[in-house]
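One-letter residues, chain by chain:
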Amino acid sequence: MNRVHIKTYGCQMNERDSEAVAAMLRARGYRIVASEHDCDVLLLNTCSVRDAAEQKAIGKAANIAHRKRHQPDFVLGILGCMAQNRGAELLDKLPDVDLIVGTQKFHQVPEYLENIRAARAAGVPLATSIVDIAEEAGSQNTIRDHVLSQDVAAESNAAGGAENAGVDAPPQISAFVSIQQGCNMDCAFCIVPKTRGDERSRPMEDIVAECRALAERGVREVTLLGQIVTSYGRRDYAHTDGISPFVQLLERVSAIDGIDRIRFTSPHPRGFKQDLVDAYGRLPKLCGYVHLPMQSGSDRILRAMNRPYTRERYFEIVEALRAVRPDMYFSTDIIVGFPGETDEEFEQTRELFERCNYDMAYVFKYSIRSGTPAAEMGDQIPDEVKEARNATLLGLLQQNSVRRNATLVGTVEEVLVEGPDKTGRKFTGRTRGNRVCIFDANPRLIGQLVSLKIDRASVSTLYGELVLSGVPDAA
Ligand code: 5AD
């Protein structure tokens, strides 16, 4: 009766929140299981950023709710952004959902589950579903516990769990660390200020302590997470010698022995002042991969989106970063078909997209989010136009990616070995530029930085051989 499966939709922050919920439940004696079919509690941690993401989770919940007919003690919960966005209204469509918990209340999940189960055990099931989407001061500090993959396997093995029995999960070597929650930017298209609330940052000391603890458990790479990480600590810490609190945090994490690589997401172009650009010159652990959401290459659309930069300023940032690290990798977010976007305006996006030469990009068709300013704007763009613009950018991206990967064939890349690949026969890891590599290796190399000679590339993956000199026991 204590098997919990958590299914996560959306961004890395949601993945991190799910890990924290898993850690809290595990501490209370629950088992976190990999199968959504063999579980007693199923929690859907949801995304609201586009309508399709919400529909996916609603469809899943409706499907799973049927299970209650033959498994009456089954508990179904909806957590996170869609819970926050829609609250009790979800029960109109999904009356069998037992639990709806918003983004500031993840830490309450164990207690609510206990309430539901205790009431059922006493023969007096709760008359109504539990809904908690209230704001809570300090909730950014409650996401701190980690369940690492090796912990889950150990737990399942100890309990004789079939899904992982006999299998030792490789040690986890890359971890997400939440540094900040919420966003005050009010981009006209975006639901996040509603789902994640006002900007709040965690204390720097807590973040550094968490990264140190992760390093002690074998983690080599941290990704610092927040809705707008470049605004980290802006109300809590002063600039020192022109260095922003976010860059101060990067310096502190860089100083931790055992952490070899630092990544972060998502930043705002507005946060790329000289101090952050310079950080790439002086902090070697900071990976040369920048996710820099452009959204549009048209100044008029950027203004309508309430994005406070111009296409010229955006490109200046890209060039400044390339000047510091010539081999910098770039990714971006683009919205096509924002209300009123003309062919000429899209052409400006296409042109800037091409000029930036992205290695990776997330291209989204504009999705109406009710309650946001853009939802009220006239001149919504037809689906087929969005589709065509989407395809244009994805085509360019594919060309870029192939071209970039081709330049890597024959070179030697530093790769952090993460574990077995999907087939279980080879190993996988990523370059500093976040390219996925597949290669033959030895389990002892998991968690090590190795040199990989790249001998083949597809659109998205590099294949190579370890350069063995100086690597003991590699073969
Ligand atoms: N429609 C389409 N894409 C959106 N995004 C945010 N809101 C919307 C929306 N209403 C995209 C933005 C953001 C990414 C996380 O999702 O590009 O950077």
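Residues numbered from 1 in each chain as written. Predicted model: local features only at pLDDT ≥ 70, side-chain atom pairs only at ≥ 80, totals over all residues. Heavy atoms only, no water.

**Describing the sheet that holds strand β13 (residues 329-336)**
Across the sheet, which stays open at both edges, the three strands sit in the order β12-β13-β14 with parallel pairing between neighbours. In this open sheet, the two strands that pair with only one neighbour each are β12 (289-291) and β14 (360-365). Across this sheet, the average inter-strand angle for adjacent strands is 10°, counted without regard to direction. Looking at chain direction, β13 and β14 are connected through six bridges and run parallel. Of the residues in β14, the one forming a bridge with I334 is V363. Of the strands in this sheet, β13 and β14 are in contact with helix α14 (residues 383-408), which crosses β14 at around 175°. (Pairing = 2+ DSSP bridges. Helix = DSSP H or I, 4+ residues; strand = E, 2+ residues; numbered from the N terminus. Axes fitted to C-alpha atoms, helices over the stretch in contact; angles between N-to-C directions. Contact = heavy atoms within 4.5 Å.)

**Focus on the site of the ligand**
Around the ligand, the surrounding shell consists of V49, R50, F189, Q295, D333, I335, F364, K365, Y366, S367 and R369. Separating an oxygen atom of the ligand from a side-chain N or O atom of R50 is a distance of 3.2 Å. Within the contact set of the ligand, a nitrogen atom lies 2.8 Å away from a backbone nitrogen or oxygen of S367. The fraction of the free accessible surface of the ligand (400 Å²) that becomes covered by protein chains is 87%. Elements with a contribution of two residues or more to the shell around the ligand: β13 and β14. In terms of residue class, the shell around the ligand is built from five nonpolar, two polar and four charged. (Near = heavy atom within 4 Å. Polar contact = N/O pair within 3.5 Å; in protein donor to acceptor, adjacent residues only side chain to side chain. Areas by Shrake-Rupley, 256 points an atom, 1.4 Å probe, with all protein chains shown as cover. Nonpolar A, V, L, I, M, F, W, Y, C, P; charged D, E, K, R; others polar.)

**Observations concerning the domain arrangement of the protein**
Assigned domains of the protein: these are domain 1 (3-142), domain 2 (173-287) and domain 3 (409-466). Here domain 1 and domain 2 have C-alpha centroids that lie 28 Å from each other. Taken together, the contact pairs 18 residues of domain 1 with 19 residues of domain 2. In terms of surface lost to domain 2, no three residues of domain 1 exceed M13, R16 and Q140, which account for 38% of the buried area on that side. D17 is the salt-bridge partner of R196, the closest N and O atoms lying 2.8 Å from each other. Here domain 1 and domain 2 share seven residue pairs in polar contact (both at pLDDT 80 or more) between them. Residue assignment for the side of domain 1 that touches domain 2 shows that the elements contributing at least two residues are α1 (12-27) and α3 (81-86). A per-element tally of the side of domain 1 that touches domain 2 places α1 first, with seven residues. Looking at the side of domain 1 that touches domain 2 residue by residue, the classes come out as four nonpolar, ten polar and four charged. (Domains from an automatic or database assignment. Buried area = accessible area lost by both parts, 1.4 Å probe. Salt bridge = Lys/Arg side-chain N within 4 Å of Asp/Glu carboxyl O.)

**Some details on the sheet that holds strand β11 (residues 261-265)**
One open sheet holds the three strands; their spatial order is β7-β10-β11, and the pairing between them is parallel. Strands with a single pairing partner mark the edges of an open sheet, and in this sheet they are β7 (174-178) and β11. Pairs of neighbouring strands in the sheet enclose a mean axial angle of 25°, with direction left out of account. Pairing of β7 with strand β10 (residues 221-225), which is carried by five bridges, proceeds in the parallel orientation. Within the sheet, the bridge partner assigned to F176 lies in β10 and is T223. The sheet contacts of α1 involve β7, β10 and β11, and relative to β7 the element is tilted by about 95°.

**Regarding the nonpolar core**
With 56 residues, the main nonpolar core has V222 and L224 as its most contacted residues. Considering each element in turn, this core owes the most residues, six residues, to helix α8 (residues 204-216). Leaving out residues up to four positions away in the same chain, L224 has contacts with V177, I179, C211, V229, L249, L250, I262, R263, F264 and T265. In this structure, V4, V41, F106 and I116 belong to the second largest nonpolar core, which totals 25 residues. (Core = buried A, V, L, I, M, F, W, Y, C linked by side-chain atoms within 4.5 Å. Buried < 20%, exposed > 50% of the residue type's maximum accessible area, 1.4 Å probe, protein only.)

**Points about the packing of helix α12 (residues 311-324) against helix α13 (residues 343-356)**
For the pair α12 and α13, interaxial distance at closest approach is 11 Å and the crossing angle is 5°. With respect to their mutual orientation, α12 and α13 come out roughly parallel. Residues R311, Y314, F315, V318 and R322 of α12 lie in contact with α13, whose contacting residues are Q348, E351, L352, R355 and C356. For the contact of α12 with α13, the residue count by class is five nonpolar, one polar and four charged. (Parallel < 35°, antiparallel > 145°, perpendicular 65-115°, else oblique.)

**Quick word on the pattern of salt bridges**
Should their charged atoms come close, side chains of opposite charge can pair. The full count for this structure, using the stated rule, is 37 salt bridges. Across the salt bridge formed by E210 and R16, the nearest N and O atoms sit 3.7 Å from each other. Here the residue E210 occupies a position in helix α8, and R16 occupies one in helix α1, the gap between them amounting to 194 residues. Judged by relative accessible area, R16 falls into the buried class, the value being 0%. Residues participating in the shared-partner salt-bridge network are E221, R261, R263, E414, E418, R430 and R432.

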